[in-house]
Amino acid sequence: MIHLEIIGYPLLICAAVEFLLGISLLRNNPRNSSVNRSVGAFSIFTASFTLITGLMDVLASFGRDITPLARANWVGWLMIPAAIQFLYYMRDENSKAARVAGYLLYPFW
């Protein structure tokens, strides 16, 4: 089961770094940029997905039950609306399409 630990522990480190990135982008936004907010939200969603996947691999390496974590892994789907918003904001920082995509896709997902 060492291969699960080789995958799981770096994922936990990546989750911490992504979470710190998301928090820093959301807190330090001097221009109130929509791009910073979108990337910050995207980073927090990816951090949660990475954390759950990393915990699942580490617990599986110890022979523990991973069913609750496997069921919580759906949070990775929340990366899709944030990524779509980010793409629209890269074209134009005041994009109405990005706001509409956020309003429509977040509740759907």
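Residues numbered from 1 in each chain as written. Predicted model: local features only at pLDDT ≥ 70, side-chain atom pairs only at ≥ 80, totals over all residues. Heavy atoms only, no water.

Engineer: Explain the overall build of the chain to me, using residue names and the numbers behind them.
Structural biologist: Helices and strands together make up the secondary structure of the chain, namely five helices and zero strands. Each principal axis of the C-alpha atoms in the chain carries an extent, and together these give about 50 × 30 × 20 Å. Counting the 109 residues in the chain, one finds 35% classified as buried. Looking at the chain alone, contacts between residues at least 24 apart form 62% of all its contacts between residues at least 6 apart. Put simply, the chain shows about 7000 Å² of open surface, and 68% of that area lies on carbon and sulfur atoms. Positive and negative side-chain charges of the chain, numbering 8 and 6 respectively, have mean locations separated by a distance of 13 Å. (Helix = DSSP H or I, 4+ residues; strand = E, 2+ residues; numbered from the N terminus. Buried < 20%, exposed > 50% of the residue type's maximum accessible area, 1.4 Å probe, protein only. Contact = heavy atoms within 4.5 Å. Areas by Shrake-Rupley, 256 points an atom, 1.4 Å probe, with all protein chains shown as cover. Lys, Arg positive; Asp, Glu negative; His and termini not counted. Charge placed at Lys NZ, Arg CZ, Asp CG, Glu CD.)

Engineer: Can you tell me about the packing of helix α4 (residues 79-91) against helix α5 (residues 96-108), naming the residues and giving the values?
Structural biologist: Relative placement of two packed helices is described by the angle separating their axes and the distance separating the axes. Taken N-terminus to C-terminus, the directions of α4 and α5 make an angle of 175°; their axes are 8 Å apart at the nearest point. In terms of orientation, α4 and α5 fall into the roughly antiparallel class. Contact with α4, carried on its side by Pro81, Ala82, Ile84, Gln85, Tyr88 and Tyr89, involves Ala97, Ala98, Arg99, Ala101, Gly102, Leu105 and Tyr106 of α5 and no other residues of that element. Taken together, the residues that form the contact of α4 with α5 break down as 10 nonpolar, two polar and one charged. (Axes fitted to C-alpha atoms, helices over the stretch in contact; angles between N-to-C directions. Parallel < 35°, antiparallel > 145°, perpendicular 65-115°, else oblique. Nonpolar A, V, L, I, M, F, W, Y, C, P; charged D, E, K, R; others polar.)

Engineer: I'd love a proper account of the environment of His3, names of residues and values included.
Structural biologist: Following the sequence through the fold, His3 ends up in helix α1 (residues 2-27). The exposure class of His3 is partly exposed, given its relative accessible area of 48%.

Engineer: Could you give an account of the side chain of Thr50, with specific residues and numbers?
Structural biologist: Here Thr50 is to be found in helix α2 (residues 34-61). For Thr50, a relative accessible area of 12% gives the class buried. At 3.1 Å, the side chain of Thr50 forms a polar contact with the side chain of Glu18. With residues near it in sequence (within four places) discarded, Thr50 still touches Leu11, Cys14, Ala15 and Glu18. (Polar contact = N/O pair within 3.5 Å; in protein donor to acceptor, adjacent residues only side chain to side chain.)

Engineer: Break down the packing of α2 against α4 for me, citing the residues and quoting the values.
Structural biologist: The contact between α2 and α4 brings their axes to 9 Å, and the two run at 155°. Judged on the interaxial angle alone, α4 and α2 are roughly antiparallel. Like other packed secondary-structure pairs, α2 and α4 cross with a definite hand, here left-handed. Contacts from Ser34, Val35, Ser38, Val39, Phe42, Phe45, Thr46 and Phe49 in α2 reach Met79, Ala82, Ala83, Gln85, Phe86, Tyr89 and Met90 in α4. Across the contact of α2 with α4, the residue classes break down as 11 nonpolar, four polar and no charged. (Left-handed = near helix turned anticlockwise from the far one by under 90°.)

Engineer: Could you give an account of the confidence of the model for the chain, with specific residues and numbers?
Structural biologist: On average, residues of the chain score 83 in pLDDT, and 97% of them are at 70 or above. When pLDDT is averaged over each element of the chain, α1 comes out on top at 91 and α4 at the bottom at 76. (pLDDT = per-residue confidence, 0-100.)

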